[in-house]
Structure formats: structure tokens, C-alpha cells
Amino acid sequence: MILSAVARNAGRQFVQASRRPVVGNTVKRTFFSRSRQRMAHNLEDHFDLAEYMMKMHNPMSEYLYWIAGFVSGLHGILPLLHSNYYFSGMFLPKDNVSLFHRTPQTAVHMPKSKRNQVVNLTKVSKRQTRDRKDKAIEEIRECLEKFRFAYVLKLENQRNNLLKALRDDLKPGRLFCGRNKVMQVALGVDAESECQDGIHGLTEYLSGEVGLLLTDMTSEHVMEVLANHEQANFARSGCISTADITLEAGDDALSRFPHSQEPFLRKLGLPTLLVNGKIRLMGDYEVCKTGKALTPEQCQLVKLLGIPMAVFRVSLVAQWSKEDTTCTVFEEPAVADESGGQMDIDEGPPPVQATA
């Protein structure tokens, strides 16, 4: 009751104060009085930012202020987010988990650093893994189920292009030139582990530079194919020289070479001099001697002279037949290579590294 009476009294005073006449430019004001309305020259009484509403100003400046403020905010926030992610692995890490006291359940692994990484530019394939070896063993055993004969071939002075042509003529058979240990495991090293009856007898001949041929061809047919692929070729480093080659001093010995090859011949060890556009040999030079191992420079000189000293030859060593489960020896292998070869499956081996 008291509050309602006070409110009614205040309302009466407000109404009376608003109805009092104005004396001159002054008005007797009370706490509840209000000022008289004054109309301005524009729409300020009805609109905010009337200049923009009437298109009196360009709003681009305001847009620039907003853009500058947004960019400033990003400039301060983004480095903080990046720092959190770099040290904790999260843009917004939880406050209840300390970065220095983490349990194995709450531990966050830092991203792998991209600094000081070793980049290998070599294109050499990796060594054989266990999966590749198991796959090679499985392929050999599948071919043994498919073909009737297995041959051990002795490879001499191998070349990839010549070996590829030989494989084409031996198809549909398969010629495996891989690690000898892998092929021995595929065949079986004893009677208990052999995959076919009596085939473990071939494992003792899988040493040195040899290959394993699985086919349905008879031994006579295989020998005929191998004889057709015997071909002379240029020697490689480590091969034994088969002839004595000596170049005589003068202009005639190197007359076949253009003058632009004189620096290359001099780098190979020849005492040469360019005289009137011709290559002159200043003294007698012994290129190689019979029975001596060839160096890389000697092999290059022999190749430039067009003298082949190596013969690509493949010969039969031993045979296994599925019908009688016996092994037949055609040729006793040379001294066994305990290293087991360094060839890859279905690829040619590296050149022979012989010593004098």
C-alpha cells in the first residue's frame, strides 16, 4: 500500500511538471521533468549514422578498419596456435593435462621433425627382403610342379641383353638367376626338406655363377639352344686377357680416332700428342698381356680397338628328371663360390671380379 501511494504521487508530480508553462527560455526543472523536443536539421532523431543512410560518406573506410582489426587478431592468434601444435600436437591443448607431466594414456607424440633429413639420390634397389625371398622360393616350387626337368646352367661372361634373348628362346620354361642359397632352400638341402623326390641332388651344383632352368625340353634340345646363343663380346674389368696387344709409336696406330678423342686417350694412359690435327703416339705402348687381369682402363682401350676378349657361354652342369627322380651330371662345376652369388631373381649377375 505504501509503495503504491508513493508511485501515484511521483506520477502526479511528473505530469504536473511536464504541463508547466515555459517562461522565456528557462524552465523550472525538477527531478522528474523532461526537456522539450528539438528538431535538428537532419535525421539524427530517427536514424543512427544518418550520413551513411543518406549516402553522404563512403563506407569503405569502415570496411578497412574492420579488415585491419581482423588481420591483427589473426597475427596474434595464429602463432599461438602453431606453437601449441608444435610442442603438444594439439592446437588447443587441455588445461587439465600438463605438458611436462603426462601419463602414457594422455601423452601426445610430437610431429616428426623435417629438419636435417638424409635424402638418398641413388636409384639402386634395396637388398632382397624376406618377403622377396619367400616369393622366389614359392615361384620355383610352383614351376617344379609344372615342368618335368630341372637343369643347373653354368653362366660365363653374362650380359643382360644376351641373357634376355636366351630366356625368350627357352620359354615357356623359366630361368632363375638368383641367390644360390635361396634356390637351394627352394629345392631342398636334404631328403627331408626337398620339394620333389631326388631333387636335393642338384643343390651341391648351385654354387658360383649358375642358373636354374625349369622346362619340359630335353637335354639335347637345351644344349642346341645354348649353343646358338654363344657370342663373343668385349671384356670387362677383371677378365683375363687372351692376347698380347701393343701399339707402335707414330700416327698410324691411332689414326682411326678423331682429334677430339685425344684428351680421353691420354686419360686412359696413352702417351699421346695432337700434331696437325692427328693423334700421335709418342712411344710404344703395351695395352695388355696374355693371362693378366684387365683393368678398367685396359678394357676401355681394348673396346675402342674393337677386339673382343670375352665369350658369352652357357653350358649344362646337371639335370634332374621328374620321371625317374635322378640327377645326371654333364660337367663338373668349377671351384665353389661360398658367397652364393650376388644376383637378383630373373636378372643378370654383376661382372666377374677376377684377380691376377
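The notes below deal with the structure included here. Remember, it's a predicted structure, so these values are computed and weren't measured experimentally.

It is worth spelling out the overall build of the chain at this point. Secondary structure summary: the chain contains nine helices and ten strands in total. Taking all 356 residues of the chain together, 28% fall into the buried category. Across the chain, contacts joining residues at least 24 apart in sequence account for 72% of those joining residues at least 6 apart.

All right, on to the pattern of salt bridges then. Enumeration over the complete set of coordinates arrives at nine salt bridges. Lysine 154 is paired through a salt bridge with glutamate 156; the nearest N and O atoms lie 3.7 Å apart. Overlapping salt bridges, with partners in common, bring together Lys154, Glu156, Glu230 and Arg313 in one network.

Right, let's get into the nonpolar core. Ranked by internal contacts, the top residues of the largest apolar core, which has 23 residues, are Ile140, Leu144, Val152, Leu187, Leu202, Leu212 and Leu214. Of all the secondary structure elements, the ones that give two or more residues to this core are helix H4 (130–146), strand E1 (149–156), helix H6 (180–187), strand E3 (210–215) and strand E9 (310–321). Here this core takes five residues from H4, the largest share from any one element. Not counting the four nearest positions on each side in its chain, leucine 202 is found in contact with Ala150, Val152, Leu187, Ala318, Gln319, Trp320 and Cys327. Ranked by size, the runner-up nonpolar core spans 20 residues in total, among them Phe257, Leu301, Val302 and Met309.

On to the state of the cysteines, then. Enumeration over the complete set of coordinates arrives at zero disulfides. This cysteine, cysteine 299, is not joined by any disulfide, and cysteine 239 carries the nearest cysteine sulfur, 6.3 Å off. On the basis of relative accessible area, cysteine 299 is assigned to the buried category, the value being 9%.

For the rest of this paragraph, the subject is unusual backbone geometry. A cis amide bond links lysine 171 with the next residue in sequence, proline 172, at an omega value of 10 degrees. Positionally, proline 172 belongs in the loop between helix H5 (160–170) and strand E2 (174–176). Although it is not a glycine, asparagine 157 sits at a positive phi angle of roughly 50 degrees. Within the secondary structure, asparagine 157 is located in the loop between E1 and H5. Here the phi dihedral of threonine 325 falls at roughly 50 degrees; this positive angle occurs in a residue that is not glycine. One can find threonine 325 in the loop between E9 and strand E10 (327–329). Relative accessible area serves as the criterion here: at 34%, threonine 325 is assigned to the partly exposed category.

Time to look at the pairing of strand E7 (residues 278–281). Consecutive side chains of a regular strand alternate in pointing toward one face of the sheet and then the other. The alternating pattern of E7 places Ile279 and Leu281 on a buried face, while none of Lys278 and Arg280, on the opposite face, is buried. Across four bridges, the pairing between strand E6 (residues 272–275) and E7 is antiparallel. The residue of E7 that forms the bridge with leucine 274 is isoleucine 279. Between E6 and E7, which pair antiparallel and follow one another directly, the connecting turn spans two residues, one of which, asparagine 276, has a positive phi of 55 degrees.

Close contact between H4 and H6 brings their axes to 9 Å; oriented N to C, the two are set at 50 degrees. Between H4 and H6, the crossing angle belongs to the class labelled oblique. Here H4 and H6 pass one another in a crossing that is right-handed. Contacts between H4 and H6 pair Lys133, Ala136, Ile137, Ile140, Arg141 and Leu144 from the former with Val182, Met183, Val185, Ala186 and Leu187 from the latter. Broken down by class, the residue content of the contact of H4 with H6 amounts to nine nonpolar, no polar and two charged.

What counts as what
- Residues numbered from 1 in each chain as written.
- Predicted model: local features only at pLDDT ≥ 70, side-chain atom pairs only at ≥ 80, totals over all residues.
- Heavy atoms only, no water.
- Helix = DSSP H or I, 4+ residues; strand = E, 2+ residues; numbered from the N terminus.
- Buried < 20%, exposed > 50% of the residue type's maximum accessible area, 1.4 Å probe, protein only.
- Contact = heavy atoms within 4.5 Å.
- Salt bridge = Lys/Arg side-chain N within 4 Å of Asp/Glu carboxyl O.
- Core = buried A, V, L, I, M, F, W, Y, C linked by side-chain atoms within 4.5 Å.
- Disulfide = S-S within 2.5 Å.
- Pairing = 2+ DSSP bridges.
- Axes fitted to C-alpha atoms, helices over the stretch in contact; angles between N-to-C directions.
- Parallel < 35°, antiparallel > 145°, perpendicular 65-115°, else oblique.
- Left-handed = near helix turned anticlockwise from the far one by under 90°.
- Nonpolar A, V, L, I, M, F, W, Y, C, P; charged D, E, K, R; others polar.

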